[in-house]
Every structure is written in C-alpha cells, then in structure tokens.
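# Structure at a glance
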Amino acid sequence: MTFRPVSPRFWLARQAVLAAAGVPLVAVAALAEAVVGGPGGLAILAGVVVLLAWTWIVERGRYRAWGYAERDEDLIVRRGLLFRRVSVVPYGRMQFIDVSAGPVDRVFGLATVQLHTAAAATDARIPGLLRADAEQLRDRLAAVGEARATGL
Amino acid sequence: MPPPATLLPGEQWRRLHPLSPLVRVGAVIAAVPFLLVGSFSGGRQSQDGGRPNITVLIWSGLAILGLIGGFVSWLVTRWRIDQGDLQIERGLIRRQSFRIPLERIQAIDVIAPLTARILGLAEVRVISAGRGLEHGRLAYLSAAEAPVVRAQLLALAHGLAATTPEPPGYRLARVDNGRLAMGLLTRASVIVPGMLLFGAIVAAMVRPANASFTAVAVTGGLAFQSVVVTARRFNDDYNFSIAEAGDGLRLDRGLLQQRHETIPFTRIQAVRLVEPLLWRLFGWCRLDVDVARQRVSHEADRDANRVARTLIPVASRDLVVWLLSRVMPAVTSEPPAGSSSPRRARLRAPLSYHFLAAWNDDRYVCARTGRLQSATVVVPVDKVQSVRLASGPVQRALRLATVHVDTAGRRWQAAARCRDEGDADALLWTIAERARDARRQRSTAAGAQKQS
C-alpha cells in the first residue's frame, strides 16, 4: 500500500511557525549573553539552540509520518512519530467531512480534511493539503461515501 | 378518556394527559398540607393570631406558579404521527417543533416516576439516533395508554401496521432482589469506603484526637456517598427482568421509578461482560449494553444516562454467558488459547496484564481488559465504525501496539491493548476487511429484501 504524503508546503508552514517562535528566543538569549556575559549565558544560548534543533528534527519526523491512502472501500490515515497512529475509516461509515483552515493554513494556502463517523472516537484527520486538493478529496470522499452509505 | 388503541398515522393532533402538570409540582403540593399543619400548631404556641406562616405562603406561591406554568406548557404541547414522523410541538414563547423519523427510532422507554405512578401516568421516551433525549419525551400519558403508544410506535418503526399488537415477550431472566442487594454491597465501591470508615472509627476510639475525628468525618462522607449511589442502583434495578421479543430486548425494572425499556437488537453496538473482583467468589457477572446515542447535553438526558444500560445487573456466570449468546449468537465468551497479550506487555501494563486478551472471528471482535475487575467487550463486526492502531514510545520500544475498535456507542469501546506489533497490524487489516464484508453482506441482503 502506498501512502500519499501531505503537501511540502505544510512543512514550510511548520518551519515558519517554528522560526517565528525560535528567532526571538535566540535573539533574547544572545542579547542576555552579550549584556551579562559569562559561561552561564553561553550555556543558555546553546541550550535554546539545541532545543530548537531538536524540535525541528521531531517536527520534520512528524511531517514525514503523515500519510493517507484511498483504498477501494476505506480511507487510511497514518500519523505520529513518537505516538504512532493508523486509522481505517470505511467510506460507508462516513457521516460528514469537514474542510477547515486556520490562520497559518490560510497564509500558506493549506487546509485540513477531517472525517466524522457515528463514533466519537474516530480521529481521521489529514492536515496540510493544498486547498484545491483538500476540496477535491472531500468531494471524492463524499461521493463514494454516499454510494456506500450504511446505517448504524 | 378515548380508547387508547386509536393511534393511527396521519391522525389529529393529540394532547398529553391533563394531569401532567401535577407531576412536576407534585412534591411541592404534597409538602403544603404538612407545612400548613406545622404552621397552625406552631402559630398557636407562639400566639401569633393564626397568621399564615411565610414559608407556607412561599410554598403555595411556588406550587401555584408551577401549576400555572405546567398548565400552559400542557396547553401548548401537542403530538401526532404523520408521514412517517413522530411530531411534537411545544413551547408558548419559543415554539418548538420536532419531527422524529420513525425509522430512526432506537428505543422506546416507558418511565413512571413515583408521583406519576400515584396519578396513574407514565412517560413515553423516544430515543432516536442523532438527537438528545429531550426531543422525544411524551410526558405524560395515562398509564394504560403509554404501553399501547410504545407498541404502536415500535410497530411503525419496523414498517408494520400501527395496529400490530406488541409481539409477545419471552422471559429470559429475572434477578432476585436479595442477590441484587448482595451484589451491590460486595462491590469495591461500597467495601472500600466501609472499611476506611471502620478503620477511622477504630482509630478514633483507640486514640481520640482531632485528626482521627477528621478522618471519621471524611471517610463517613465517602461511605455516605457510596450508600447513596448503591441505594439508587438498587432502586433502579429492583425487580429486574429481561425478556426477548421479536422487536428486541425488553427490560422491566425499578422500585419507586418504574421503567419499561425496549432495545431493538439491530441497535446494539456492543455488549460488555463485567466480573468485579469479589463477585468472582460467588461466580457472578454483569452484562452491559451500549446503544448508539448522542452526547449528553440536557438535564433529562443526564437523568436517562445516569443508569447504565445493563442487560442483567447480577447473575451467575452461566446465565450471563447464555444471555450473551442470545444477544450475540455463536460468540466465544472465553478468551481462547493464545489470545492473551505477549508477556512483555507486563512492562507496559503491569496492573492489567493478567486480563489483557483479544480474539475475533468473522462475526465478532472481543477484547478483555481490566485491573481488578475483568471487562470483556464484544463488538459485532458490522457495527464497527472505524479501526485505529495506536502505539506510544514505551509500546514502540517493547514492539507492542493497541488496536481500538470504534462503534457508535458512547459508553465504551473495544480495545485490544498491548498486542504484538505484527499481530496488531494484522488485526487492524483483518477487522477492516471483515467489517467491509459484513457491510456488503448486509447491503446485498437489504437489496434483496427491497426487491422481493
């Protein structure tokens, strides 16, 4: 089975968010080091940089872990690096499909597709799709869902 | 009173029973005479010249206001069955009109609280998919009419003529009240607070100090709470009996508040066999059921959800297993050999490892979990909504994974916890495949039924 990845722009958006948080943090640490000086300040600066690098690596892993596959009868969503999740949602069980986009998503032209079944625990969600792709996916899923709909 | 058997589709709007407003203010009204007597005797003693007590005034005012409100709400509430819907209209200022499609009805309960029983009334509560319980309440009809309305709604929900008599029930089991009491009292939720209280009292007697009195007060509070919960359960499940009829399972129970519930077989999402720790001494079990429903939002919903839907509150294991086989034919209720989680799961789930097991065949997915009490959840594959595989960092390190089976039920899900990674993967695809086959079979069966 081949999983389709989410858009590379999703990774770009994640990096942008990370930079927006990380750059001021590094700047503040560097400023503190320049003003106060000493080995303590240097250690803090190094710590912040290592933390950011670690977050970047984990985030990249998480981005790569996202994937979805449309099979004949069901949709499979895979995600998570530390907490691995695989969800199988039959088309016949889908009740409605949401396409949503937060502020960051909108800046990068991305959207999230979320599937809902009668079970509250179903957590099939595909973030970071290009908006046109997301809408296409939703329409495709809605069409097959309608054709295969079964009751409770 | 019109003869009750005239409920037909497309008929006139009907009202609820005119005594309905009384039920809601029943408790307040019942209190007034007592207060009056109390105030007169009290007034004579204080030589107040027989002036009515302020409390009596407030209570009578409340009762009158409640009665007026209840009467108005009775006046503007009407209901009928039309075009395959149960229609209910209510509200004076904010007019509400509900339409409940009959084919979406999940279950119909007849509930008679104490005040309603005294007045000879009963509530019909229609539970349907995708709606809160508040929408489908017919409170109240006469006690004679309520079962008839229930039978007719059920008949219509199954696409039969409204005049179809309620199919006769076949009694499956009933619960002896003594055993129910015994079963409730030997739950850990009663024994633990009881023992704590006993310990605190002993400590206070041995060494009377402020700290030990505080301990008595705290544990006493806990014990009181568990007594209240237990008494409520006893009240709910008193005279419990379960019967099987063509349209589903019928549950009759209740001491003060009597309930007659019907659970259609097709609406059962999952059942759960529970064996609390101490019940193992007696060889007793409990069988719970989960039906599809919405999230709890209203007060009335909470009230209805308060009582766990249980198919039998306490019974011998043999009886429970037999009952399970009536609800889920040909199910394996005991974990077969090789169905337990691998030994290394002990590291991830040390407290529940001994119960962890999962097995499945082409009709059911079963999973056993639990720490002190074992709980076996059985899900028919054609009720599976989605399947999820999850594994956290510890599980990954131990090459373990958990498979969750989601149904439309709201109370519990089946989870095959801490399986071997390879097994879990296989289980995920197997369940997905079998659920697909079951759905296909059902849709072809439905298609054939439509054609014939």
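Below you will find a few notes about this structure. Keep in mind the model is a prediction, meaning the values are calculated, not measured.

Before going further, it helps to spend a moment on the overall build of chain A. When its secondary structure is counted, chain A shows four helices and six strands. Its helices and strands taken in sequence order, chain A reads α-α-β-β-β-β-α-β-β-α from the N to the C terminus. Radius of gyration (C-alpha) of chain A: 20 Å, far over the 15 Å computed for a compact globule of 152 residues. Taken over the C-alpha atoms alone, chain A extends approximately 70 × 30 × 25 Å along its principal axes. The buried share of chain A, taken over its 152 residues, is 26%. Within chain A, residue pairs in contact and separated by at least 24 positions form 49% of the contacts whose partners lie at least 6 positions apart.

Take the sheet that holds strand β2 (residues 85–90) of chain B next. All names here are of chain B. Sheet architecture is open: three strands sit in the order β1-β2-β3, paired in antiparallel fashion. Unpaired on one side and paired on the other, β1 (78–82) and β3 (96–101) mark the two borders of the sheet. Across the sheet, the mean angle separating the axes of adjacent strands is 15 degrees when strand polarity is ignored. Across five bridges, the pairing between β1 and β2 is antiparallel. Bridge pairing in β2 places Arg 78 opposite Glu 89.

Further remarks concern the packing of helix α6 (residues 188–206) of chain B against helix α7 (residues 210–237) of chain B. Think of two packed helices as two axes; the pair is described by the angle between the axes and how far apart they sit. Residue and element names in this part refer to chain B. Look at α6 against α7: their axes get within 8 Å of each other, and the N-to-C directions meet at 155 degrees. Taken together, the axes of α6 and α7 are roughly antiparallel relative to one another. By crossing handedness, the relation of α6 to α7 is classed as left-handed. Listed contacts from α7 to Ser 189, Val 190, Pro 193, Gly 194, Leu 196, Leu 197, Ala 200, Ile 201, Ala 203 and Ala 204 of α6 are Ser 212, Phe 213, Ala 215, Val 216, Thr 219, Gly 220, Leu 222, Ala 223, Ser 226, Val 229 and Thr 230. Here the contact of α6 with α7 is built from residues that sort into 14 nonpolar, seven polar and no charged.

The next subject is unusual backbone geometry. Residues and elements named next belong to chain B. A cis amide bond links Ala 139 to the next residue, Tyr 140, at an omega of 5 degrees. Mapped onto the elements of the fold, Tyr 140 is located in strand β6 (residues 137–142). Although it is not a glycine, Asn 239 sits at a positive phi angle of roughly 50 degrees. Here Asn 239 lies in the loop between α7 and β8 (241–245). A positive phi is found at Ala 330, a non-glycine position, where the angle reads about 60 degrees. Within the secondary structure, Ala 330 sits in the loop between α10 (317–327) and α11 (345–348). A residue is classified by how many C-beta atoms lie within 10 Å of it, and Ala 330, with 8 of them, is exposed.

In this section: the interface of chain A and chain B. At the junction of the two partners, chain A supplies 22 residues and chain B supplies 26 residues. Counting residues per element, the side of chain A that touches chain B draws most heavily on strand β3 (residues 84–90) of chain A, which supplies seven residues. Broken down by class, the residue content of the side of chain A that touches chain B amounts to 12 nonpolar, five polar and five charged. Where β3 of chain A meets strand β17 (residues 386–391) of chain B, five bridges bridge the pair, whose relative direction is antiparallel. Bridge pairing in β17 of chain B links Val 86 of chain A to Leu 389 of chain B.

Cut-offs and rules
Residues numbered from 1 in each chain as written. Chains lettered and ligands numbered in written order. Predicted model: local features only at pLDDT ≥ 70, side-chain atom pairs only at ≥ 80, totals over all residues. Helix = DSSP H or I, 4+ residues; strand = E, 2+ residues; numbered from the N terminus. Rg over C-alpha atoms; globule rule 2.2 N^0.38 Å. Buried ≥ 20, exposed ≤ 12 C-beta atoms within 10 Å, placed from the backbone. Contact = placed C-beta atoms within 7 Å. Pairing = 2+ DSSP bridges. Axes fitted to C-alpha atoms, helices over the stretch in contact; angles between N-to-C directions. Parallel < 35°, antiparallel > 145°, perpendicular 65-115°, else oblique. Left-handed = near helix turned anticlockwise from the far one by under 90°. Nonpolar A, V, L, I, M, F, W, Y, C, P; charged D, E, K, R; others polar.

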